[in-house]
Amino acid sequence: MSLTVTSLAERPGLEEAMWQMAGLWPQFMLQDPVSAVTYEWMARELPEFVLVATDDADGRLVARAFSVPFLLHSERRGGRLPARGWDEVMLWAFADKRDGREPDTVSAVEIAVLPELRGAGLSGRMVAALRDNAGKLGFAEVVAPVRPNAKHLEPRTPMEEYAFRTRPEDGLPHDPWLRVHVRAGGVVDSVAPVSMTIAGSLEEWRSWTGLPFDEDGPVEVPGALAPVRCDVPGGHAVYVEPNVWVRHRL
């Protein structure tokens, strides 16, 4: 497929189509409170870091990629990628923009491809486009709190074990999405054990998942990378998602 990939700043007319991309995430993943307030902010305040890809054959929007600039190498942050992964880097980027701090690193936030086109190599092309875009904007490193896309098949496996598992035939990561990042030049760095936290009442979790949530303990939810912890007497459940930090030196 021949693609045109540009920033949203260059093609603001694609914003509506970008938001209308359907079927990208399980319903429960849309309940993270940090993402609820930062996605529109990214499009509004950082459109040069948001990429949109269209099919040259018909002009259809087929993929999008969000990223944010932030300050990593400061006295307070010390160049250490945060254990609170996705949520933390989004809050850092928001605070840095608000307070006028000069960013030195770009974090990938999301790469999404139309469901019917997954497996066609578009995700790898969007990783490369994010790297190229960051380089053009003057940055020397892109980091990514990667959500390994096959981890949901074994939610009870510790992420520390899963993240560094490799294939014997070529030494590349076992996980397909981590493999895309490594092939693009990334290096698996560390686990972000508390990358995203989603809490809700049992009634909310039932509506998000269609599951009963009527027993105490871990609940395996389709699409989740780890079990959701259900507290029936407390009337709530909490999902803590681990991600994997990958570093891309440019």
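> Please provide a residue-by-residue account of the environment of H152, values included.
Mapped onto the elements, H152 comes out in the loop between β5 (141–146) and α5 (159–163). The contact partners of H152, leaving out residues within four places of it in the chain, are G223, A224 and L225. A polar atom in the side chain of H152 sits 3.5 Å from the backbone oxygen of N149.

> Report on the packing of helix α2 (residues 33–45) against helix α3 (residues 85–99), specifying residues and quantitative values.
Taken N-terminus to C-terminus, the directions of α2 and α3 make an angle of 45 degrees; their axes are 11 Å apart at the nearest point. Taken as axis vectors, α2 and α3 run oblique relative to one another. As α2 runs across α3, the sense of the crossing is left-handed. Note on element contacts: α3 touches α2 through W86, D87, M90, L91, A93, F94 and K97, opposite V34, S35, T38, Y39, W41, M42 and E45.

> So what's going on with the packing of aromatic side chains? Residues and values would help.
Under the counting rule described, the total for this entry stands at 10 aromatic pairs. The rings of F28, W205, W208, F213 and Y239 are connected pair by pair, giving a single aromatic cluster.

> Now, about empty space enclosed by the protein: what can you tell me, with residues and values included?
The method is simple in principle: a probe with the dimensions of a water molecule rolls over the atoms, and the space it marks as empty is what remains. In total, this model carries one cavity of 30 Å³ or more according to the counting rule given. Computed from the structure, the largest cavity encloses a volume of approximately 40 Å³. Around the largest cavity sit A108, V127, L130, R131, V142, A144, H181 and H248, which together line it. Elements with a contribution of two residues or more to the lining of the largest cavity: α4 (122–136) and β5. Sorting elements by how many residues they give to the lining of the largest cavity places α4 first, with three residues. For the lining of the largest cavity, the per-class residue count stands at five nonpolar, two polar and one charged.

Conventions and cut-offs
Residues numbered from 1 in each chain as written. Predicted model: local features only at pLDDT ≥ 70, side-chain atom pairs only at ≥ 80, totals over all residues. Heavy atoms only, no water. Helix = DSSP H or I, 4+ residues; strand = E, 2+ residues; numbered from the N terminus. Contact = heavy atoms within 4.5 Å. Polar contact = N/O pair within 3.5 Å; in protein donor to acceptor, adjacent residues only side chain to side chain. Axes fitted to C-alpha atoms, helices over the stretch in contact; angles between N-to-C directions. Parallel < 35°, antiparallel > 145°, perpendicular 65-115°, else oblique. Left-handed = near helix turned anticlockwise from the far one by under 90°. Phe/Tyr/Trp six-rings, centres within 6.5 Å; stacked < 30°, edge-to-face > 60°. 1 Å grid on protein atoms, 1.4 Å probe; cavity = no way out; pocket = protein on both sides within 12 Å on 5 of 7 lines; lining within 4 Å. Points joined across faces, edges and corners; volume = space filled by probe spheres on them. Nonpolar A, V, L, I, M, F, W, Y, C, P; charged D, E, K, R; others polar.

Nothing here speaks to function; it is all geometry.
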